[in-house]
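Survey of secondary and tertiary structure
Here is how the chains run, residue by residue.
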Amino acid sequence: MSDVLRPRPAVLRMAPYSPPTAGRAGKLRLDFNENTVGCSPRVLAFLRERLTADGLTVYPEYVEAKPELAAFFGVAPEELLFTNGTDEAIQVVVNTYVDDGDDVLLLRPSYAMYRFYAEVAGAALREIDYRAKDLAFPLDELLAAIGPATRAILIANPNNPTGSAVDLAGIEKILRAAPGAAILIDEAYFEFYGVTALPLLREHPNLFVSRTFSKVYGMAAMRMGCLFSRAENIAYLRKAQSPYSVNALAVAAARVAVRDPEYIESYVREALAARDMVRAGLDELGIPYFPSEGNFILMKIGPRAIEVRDRLRDKGVLVRDRSYEIAGCVRVTVGSREQMRRFLEELKAVWR
Ligand SMILES: Cc1ncc(COP(=O)(O)O)c(C=O)c1O
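Basis of the calculations
Residues numbered from 1 in each chain as written. Predicted model: local features only at pLDDT ≥ 70, side-chain atom pairs only at ≥ 80, totals over all residues. Heavy atoms only, no water. Helix = DSSP H or I, 4+ residues; strand = E, 2+ residues; numbered from the N terminus. Buried < 20%, exposed > 50% of the residue type's maximum accessible area, 1.4 Å probe, protein only. Contact = heavy atoms within 4.5 Å. Areas by Shrake-Rupley, 256 points an atom, 1.4 Å probe, with all protein chains shown as cover. Lys, Arg positive; Asp, Glu negative; His and termini not counted. Charge placed at Lys NZ, Arg CZ, Asp CG, Glu CD. Near = heavy atom within 4 Å. Polar contact = N/O pair within 3.5 Å; in protein donor to acceptor, adjacent residues only side chain to side chain. Nonpolar A, V, L, I, M, F, W, Y, C, P; charged D, E, K, R; others polar.

**Section: the overall build of the chain**
Within the chain, the regular secondary structure consists of 14 helices and 12 strands. For the chain, the spread of C-alpha atoms along the principal axes amounts to about 55 × 55 × 50 Å. In the chain, which comprises 352 residues, the proportion classed as buried is 54%. At a minimum sequence separation of 6, the contacts of the chain that also span at least 24 residues come to 72%. As displayed, the chain has an accessible area near 16200 Å², and 54% of this comes from carbon and sulfur atoms. Here the chain contributes 44 positive and 45 negative side-chain charges, whose respective centroids are spaced 3 Å apart.

**Quick notes on the environment of G281**
By secondary structure assignment, the location of G281 is in helix α12 (residues 261-285). Between the alpha carbons of G281 and L347 there is a distance of 9.7 Å; along the sequence they are 66 residues apart.

**Concerning the site of the ligand**
Neighbouring the ligand are 14 residues; T86, D186, Y189, T212 and S214 lie closest to it. The contact in question runs from an oxygen atom of the ligand to an N or O atom on the side chain of Y189, over 2.7 Å. Between the ligand and T212, the relevant distance is 2.5 Å, taken from an oxygen atom to a side-chain nitrogen or oxygen of the residue. Protein coverage of the free-state accessible area of the ligand, which is 400 Å², stands at 93%. Considered class by class, the residues forming the shell around the ligand number 5 nonpolar, 5 polar and 4 charged.

Below is the structure:
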């Protein structure tokens, strides 16, 4: 071991993070909050037709795509940065604003990559717990934790895995309380919740909003995200981002995807109907769960959490254990009603 190069202390301190992405093919994948039926067929058709050797030889450029996607999201092109998934949006915000030892506020439990990038940066992390009883957003506790030295606050809205959300009035309070902090509102599940902080951008110079094509758009493999802020902020973020981090196919696919809004609307309608169905099914089985604004439900399975997860996997249904962060809890992604009927049947067999 003595000849191994020693990494930075921040990296030494980190616990490795490896989400269970292996062996998911052919299973009913209710474990990553993805779209469970796939992207718009138009996206696939486009990629199949347009993939040429000539197209692959050139470095990506975003000149045409930028105004088109900006118009879709209702912002100016200068207020938008393409990112390699939300993950790179988080990374770029942290790299632009957070130095070693800086005060960064996160909520707990939440999406793992906030902690990941803040830790890589060597930030002094503080985590505020979602409310113990109902996992509601701890607005007062967060406001009380904000200090003059707070440099970044990273919030998923709605939050994964709790499903809880904060309203715009709450977000505005946070923005006003922390004028010196970069505040990221990660709207990965926006389409299921319908509330966005985008209209607050012009008023609040410390606001950053991210969206992704990984969830409802069914394109997680593409790694395509969008980060929004005031034009001056975006110019700084661009300095801290590699110029070609978003590949040309991802950008082209996103342009086609937003031209088929009916596909997304119909998937959202289906998933919301399926979410009601799952709630009713869980009520029937006597399994408690938390309220959710996303395409997933956090179930309070209890001491059998891991066993239930494993037995469902044996039947070809993948769900995500979260008992390591909220005792006894397992998260299930909501897909179509047909898929959720199968999930409930298998769960019933395992549960009884
Ligand atoms: C809150 C939240 N943000 C972002 C992501 C991932 O987004 P992306 O695939 O765009 O990096 C997830 C995925 O689970 C998530 O739950």
